[in-house]
Protein chains: 2
Amino acid sequence: MSPRKFFHPDLADLTLHRVLFALSDPTRLAVVSELMKTGERASGDLLAESVPRSTMTHHLKILREAGVTRTRPEGMRCLISLRRQDIDARFPGLLDAIMAHGGAEA
Amino acid sequence: MSPRKFFHPDLADLTLHRVLFALSDPTRLAVVSELMKTGERASGDLLAESVPRSTMTHHLKILREAGVTRTRPEGMRCLISLRRQDIDARFPGLLDAIMAHGGAEA
DNA sequence: GTCTATGTACGATTTTCGTCGTACATCGTA
DNA sequence: TACGATGTACGACGAAAATCGTACATAGAC
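Residues numbered from 1 in each chain as written. Chains lettered and ligands numbered in written order. Predicted model: local features only at pLDDT ≥ 70, side-chain atom pairs only at ≥ 80, totals over all residues. Heavy atoms only, no water.

A.B. asks: Any chance you could explain helix 2 (residues 26–38) of chain A here in plain terms?
C.D. replies: Along an α-helix, residues three or four positions apart point the same way, because every turn accommodates 3.6 residues. Residues and elements named next belong to chain A. Between the first and last C-alpha of helix 2 there are 18 Å, a value that for 13 residues agrees with the 18 Å anticipated at 1.5 Å per step. Three or more residues of helix 2 are buried, namely R28, L29, V31, V32, S33 and L35. Where helix 2 begins, the side chain of D25 points an oxygen toward the backbone nitrogen of T27, at a separation of 2.9 Å. Taken from the residues just after helix 2, G39 is the one with a positive phi, measuring 75°. (Helix = DSSP H or I, 4+ residues; strand = E, 2+ residues; numbered from the N terminus. Expected span 1.5 Å × (residues − 1). Buried < 20%, exposed > 50% of the residue type's maximum accessible area, 1.4 Å probe, protein only. Polar contact = N/O pair within 3.5 Å; in protein donor to acceptor, adjacent residues only side chain to side chain.)

Shown next, in the form of structure tokens:
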């Protein structure tokens, strides 16, 4: 019945320490780095390494609830995208500064 | 005997996710914000709110071991300063982007 | 040396996080 | 309807974090 709803915080509700926390994990940092490079990605395509589905779901939930990403159901899959404009509006330069390093080193 | 030694990670050992984690706590964010505004501060002067000494020591240790701050014993007190140059060298623009927001909202 | 001020170290407790297996829900298709 | 593919929800477990009280160490003043 429920067409798969996901909670996304409002722009005004984003807090700096929550965003920073969401980005303080190597796995999540790698996901954001991937999204910045390739744009919207299906959840399953982010499962490159040996990360179980449920673990990835957990990380994506943290990113989403911190306001870093947006999750959009598309058929059978979930498309994940960065909330670039929102984050840039609230914390100008933050994403660029963080990802300038590449995020490779995590 | 020991003239109070503190461990500080080398510049090359700073990792992005550790730095972000150190900054993902409201109390620590407030400390860094204070340091950016007023420069070097004594540890005790950072105890503004109802934070017990031992708790503040804990937070300062996290910041120090992540490479965000430097602790320097000066007489009876401990002077805390930002490792501005180091962080800027390794993660250009990061501190500015984070603190542009003021850090007030934490 | 004694006393006081400033911080640290250690330990205990509670909470949170990261991981993952299993069960369930959704979506498309046959 | 049933089936397979994709993800989520829930629970459990171990590891780490946040808090704070108490005891200890250091530095200066007396």
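A.B. asks: Which parts of the structure should I look at to understand the relation of the copies chain A and chain B?
C.D. replies: Here the second copy of the chain follows from the first by a rotation about an axis and a shift along it. Superposition of chain A onto chain B requires a rotation of 179° combined with a translation of 0.0 Å along the rotation axis, giving an RMSD of 0.1 Å. Such a combination of rotation and displacement between the chain copies is what one expects of a two-fold axis. (Least-squares fit on C-alpha atoms with pLDDT ≥ 70 in both.)

A.B. asks: Is there a simple way to think about the packing of aromatic side chains in this case?
C.D. replies: Both the distance between ring centres and the angle between the ring planes are used here to describe each pair of aromatic rings. One pass over the structure, following the stated rule, counts 0 aromatic pairs over all chains. The side chain of R28 of chain B reaches across the aromatic face of F21 of chain B, ending 5.4 Å from its centre. (Phe/Tyr/Trp six-rings, centres within 6.5 Å; stacked < 30°, edge-to-face > 60°. Lys NZ or Arg CZ within 6 Å of the ring centre and 35° of its normal.)

A.B. asks: Sorry if this is basic, but what is going on with the interface of chain A and chain B here?
C.D. replies: Taken together, the contacts link 21 residues of chain A with 21 residues of chain B. Contact between chain A and chain B buries roughly 1700 Å² in total, counting both sides, with carbon and sulfur atoms accounting for 68%. Three residues, L16, H17 and L20 of chain A, lead the burial of chain A against chain B; their summed loss comes to 30% of the area buried on that side. Inspection of the chain A/chain B interface yields 0 salt bridges. (Contact = heavy atoms within 4.5 Å. Buried area = accessible area lost by both parts, 1.4 Å probe. Salt bridge = Lys/Arg side-chain N within 4 Å of Asp/Glu carboxyl O.)

A.B. asks: So what exactly am I meant to see when it comes to the protein's contact with DNA strand C here?
C.D. replies: Taken together, 21 residues are adjacent to DNA strand C, and R28, P52 and H59 of chain A together with G44 and T57 of chain B come closest. Here a phosphate oxygen of DNA strand C sits 3.0 Å away from a polar atom, N or O, in the main chain of G44 of chain B. Within the contact set of DNA strand C, a phosphate oxygen lies 3.4 Å away from a side-chain nitrogen or oxygen of R77 of chain B. Of all the secondary structure elements, the ones that give two or more residues to the surface near DNA strand C are helix 3 (53–66) of chain A together with helix 3 (53–65) and strand 3 (77–82) of chain B. Looking at the surface near DNA strand C, the element that brings in the most residues is helix 3 of chain A, giving 5 residues. (Near = heavy atom within 4 Å.)

A.B. asks: Please clarify how the layout of surface pockets should be interpreted in this entry.
C.D. replies: Left-over empty space is what a probe sized like a water molecule reveals as it rolls over the atoms. Residues and elements named next belong to chain A. Quantified by volume, the largest pocket comes out at close to 350 Å³. What lines the largest pocket is a set of 15 residues, and nearest its centre among them are S43, G44, T57, L60 and C78. Taken together, the elements giving at least two residues each to the lining of the largest pocket come down to helix 3 and strand 3 (77–82). The leading source of residues in the lining of the largest pocket is helix 3, at 6 residues. Considering only residue class, the lining of the largest pocket consists of 6 nonpolar, 4 polar and 5 charged. (1 Å grid on protein atoms, 1.4 Å probe; cavity = no way out; pocket = protein on both sides within 12 Å on 5 of 7 lines; lining within 4 Å. Points joined across faces, edges and corners; volume = space filled by probe spheres on them. Nonpolar A, V, L, I, M, F, W, Y, C, P; charged D, E, K, R; others polar.)

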